[in-house]
Amino acid sequence: MLFVPDADGGRGDWRQFRDWLVRQQLCGFRRLSPGDRWHLVHCPGGECRDLGHRAPGTSLAALAPVREEAVMLSVRVEGVSFAHGAQTVLRDIHLAARPGEFVCLLGPSGCGKSTLLRLLAGLERPDRGRILVDGRPIKGPGLDRAVVFQDYSLFPWLSAGENVLMAVRQAFPDRSRAFHHETARAHLARVHLEDAFDKMPAQLSGGMRQRAAIARALAQDAPVLLMDEPFGALDAVTRTVLQDQLLELWQGEGQEEPQRKTVFFVTHDVEEALLLATTVVVMGTRPGTIKGVFAIDLPRPRVRRSLYPTVTFQTQRQALVDLLHQGLPLDADRAA
Ligand SMILES: Nc1ncnc2c1ncn2[C@@H]1O[C@H](COP(=O)(O)OP(=O)(O)OP(=O)(O)O)[C@@H](O)[C@H]1O
């Protein structure tokens, strides 16, 4: 399942090839009608041309001259490098995500996952390269991107409900007070916190705080959701419950990917990445670079009890673990 394009440009399984082309910003994709096969769409000068269905093994050579803007890209990271003082943290990162893609950034501690997320959030600025959201270069934090961190995601001086209300007011400044309250309550109910509107963050458990933080992020109504190890500080049981709830919320937004939010989710947990992601980006360290990109074709809805024992899951898990440990002073077999 691992697909790292070879030097002469990507042969292999069609879906992997398709995803790779999108990531290289050579093409965009769309369904021409519901239930249709995916078609490759090439947009010279903004005018879309349907290149039809491409068979497995299509050579990139035939498409190599196609370098125009890709359609349907939600987020694009173009040649981003970043340093903290003399320490280069990220070097020449290229990434692209379609609307509704769930991208897990997976990598060892210190490889720059959180830094990349902070750059996507606009909390840091790249030293080189740029990041585009919906085709526009970002210049700082914006309402088009909601962020959930491992901690500190709620304002401690506001109740859970007021935290969510604040986001609703920002997203819908022209709507009525009643609408704001109703929407905030509805978002809390989506994460099963209907009774916590008046509770202060300090009165909530870690899992409840993160659910409230997710409710606040969803209330922002942003097309892009950035999550930095949101369940990292939680116990194993709460973590699995929240993973499932996050999947439900994300999938509940629509049957087709473009109707869902584009999610970037930082984790160092391989199983979490496989459970959640449509795409896993594996990062390497010193300095942070991208080692490989996996398109995760596991069926949805993903139910861990039936998914984990399958050969496909185990094979993909092992491939990710091997790639993660490549070049690290660890024995991959023992680490698995
Ligand atoms: N504010 C800072 N000042 C200086 N160096 C920093 C700062 N923040 C992060 N770094 C360094 O940048 C590198 C990448 O850090 P980052 O937190 O992005 O990694 P990470 O992959 O998210 O790690 P982890 O999984 O442990 O959270 C690390 O070497 C870290 O020490």
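Rules used in this analysis
- Residues numbered from 1 in each chain as written.
- Predicted model: local features only at pLDDT ≥ 70, side-chain atom pairs only at ≥ 80, totals over all residues.
- Heavy atoms only, no water.
- Axes fitted to C-alpha atoms, helices over the stretch in contact; angles between N-to-C directions.
- Helix = DSSP H or I, 4+ residues; strand = E, 2+ residues; numbered from the N terminus.
- Parallel < 35°, antiparallel > 145°, perpendicular 65-115°, else oblique.
- Left-handed = near helix turned anticlockwise from the far one by under 90°.
- Contact = heavy atoms within 4.5 Å.
- Nonpolar A, V, L, I, M, F, W, Y, C, P; charged D, E, K, R; others polar.
- Core = buried A, V, L, I, M, F, W, Y, C linked by side-chain atoms within 4.5 Å.
- Buried < 20%, exposed > 50% of the residue type's maximum accessible area, 1.4 Å probe, protein only.
- Near = heavy atom within 4 Å.
- Polar contact = N/O pair within 3.5 Å; in protein donor to acceptor, adjacent residues only side chain to side chain.
- Areas by Shrake-Rupley, 256 points an atom, 1.4 Å probe, with all protein chains shown as cover.
- Pairing = 2+ DSSP bridges.
- Phe/Tyr/Trp six-rings, centres within 6.5 Å; stacked < 30°, edge-to-face > 60°.
- Lys NZ or Arg CZ within 6 Å of the ring centre and 35° of its normal.

Colleague: For this particular structure, what's the right way to read the packing of helix 3 (residues 160-171) against helix 5 (residues 206-219)?
Modeller: In a packed pair of helices, the relevant descriptors are the angle between the two axes and the axis-to-axis distance. The geometry of helix 3 relative to helix 5 is characterised by a closest axis approach of 8 Å and an angle of 15° between their N-to-C directions. Considering their axes alone, helix 3 and helix 5 lie roughly parallel with respect to each other. Both helix 3 and helix 5 take part in a crossing whose hand is right-handed. For the pair helix 3 and helix 5, the contacting residues are A160, N163, V164, A167, V168 and A171 in the first and A212, A215, R216 and A219 in the second. Considering only residue class, the contact of helix 3 with helix 5 consists of eight nonpolar, one polar and one charged.

Colleague: What exactly am I supposed to notice about the nonpolar core here?
Modeller: A general feature of soluble globular proteins is that nonpolar side chains tend to end up buried together. One finds F265 and V280 to be the most contacted residues of the largest nonpolar core, which totals 54 residues. In terms of residues, this core owes the most to one element, helix 5, which gives seven residues. Sequence-distant contacts of F265, defined by excluding residues within four places in its chain, comprise F102, V103, C104, L105, M227, P230, F231, L246, E272 and L276. Ranked by size, the runner-up nonpolar core spans 26 residues in total, among them L90, I93, L116 and L117.

Colleague: So what exactly am I meant to see when it comes to the site of the ligand here?
Modeller: The environment of the ligand is made up of H84, Q87, V89, P108, S109, G110, C111, G112, K113, S114, T115 and E229. A distance of 2.9 Å is found between an oxygen atom of the ligand and a side-chain nitrogen or oxygen belonging to Q87. Take S109: an N or O atom from its side chain is 2.5 Å from an oxygen atom of the ligand. When the ligand sits alone it has 640 Å² of accessible area, and the protein chains cover 58% of it. Elements supplying a minimum of two residues to the shell around the ligand: strand 5 (87-97) and helix 2 (113-121). Taken together, the residues of the shell around the ligand break down into three nonpolar, seven polar and two charged.

Colleague: Would you take a moment to explain the sheet that holds strand 4 (residues 75-84) for this structure?
Modeller: The strands making up a sheet associate through backbone hydrogen bonding, with each pair oriented either parallel or antiparallel. Spatially, four strands are ordered 5-4-7-8 in an open sheet, and the strand pairing comes out antiparallel. The sheet is open, and its two borders are formed by strand 5 and strand 8 (136-137), each paired with just one other strand. One ladder, built from two bridges, connects strand 7 (residues 128-133) with strand 8; its direction is antiparallel. Residue pairing for strand 8: L132 is matched across the bridge by P137. The strands that helix 2 touches are strand 4, strand 5 and strand 7; relative to strand 5, the one it contacts most, it runs at about 60°.

Colleague: Just to check I follow, could you spell out the packing of aromatic side chains for this structure?
Modeller: For any two aromatic rings, the description comes down to two numbers: the centre-to-centre distance and the angle of the planes. One pass over the full model with this rule turns up six aromatic pairs. Relative to W250, the ring of F102 has its centre 5.3 Å away and its plane inclined at 90°; by these criteria the two rings are edge-to-face. Linking F102 in strand 6 (residues 102-106) with W250 in helix 6 (residues 236-251), this pair joins segments that are 148 residues apart in sequence. Grouping aromatic residues by their ring pairs yields a cluster made of F102, F231, W250 and F265. Just above the ring of F197 sits the side chain of R185; from NZ or CZ to the centre is 4.0 Å.

Colleague: How do you make sense of the sheet that holds strand 10 (residues 224-228) when you look at a structure like this?
Modeller: The strand order across the open sheet built from six strands is 9-10-11-6-12-13, with neighbouring strands paired in mixed fashion. Two strands close off the open sheet at either side, each with one partner strand: strand 9 (145-148) and strand 13 (289-295). Averaged over all pairs of adjacent strands, the angle between their axes in this sheet comes to 20°, without regard to strand direction. As judged from the four bridges shared by strand 6 and strand 12 (residues 279-284), these two strands associate in the parallel manner. Bridge pairing in strand 12 links C104 to V280. Contacting strand 6, strand 9, strand 10, strand 11 (262-267) and strand 12, helix 2 runs over the sheet at an angle of about 150° to strand 10.

Colleague: Sorry, what's going on with the packing of helix 5 against helix 6 here?
Modeller: Interaxial distance between helix 5 and helix 6 falls to 11 Å at its minimum, and their mutual angle equals 15°. Taken together, the axis directions place helix 5 and helix 6 in an arrangement best described as roughly parallel. Note that helix 5 runs across helix 6; the crossing there is right-handed. Contact residues: G207, Q210, R211, I214 and L218 in helix 5; T238, L242, Q245 and L249 in helix 6. The residue inventory of the contact of helix 5 with helix 6, partitioned by class, reads four nonpolar, four polar and one charged.

Fair warning: the whole summary comes from geometry, so function is off the table for now.
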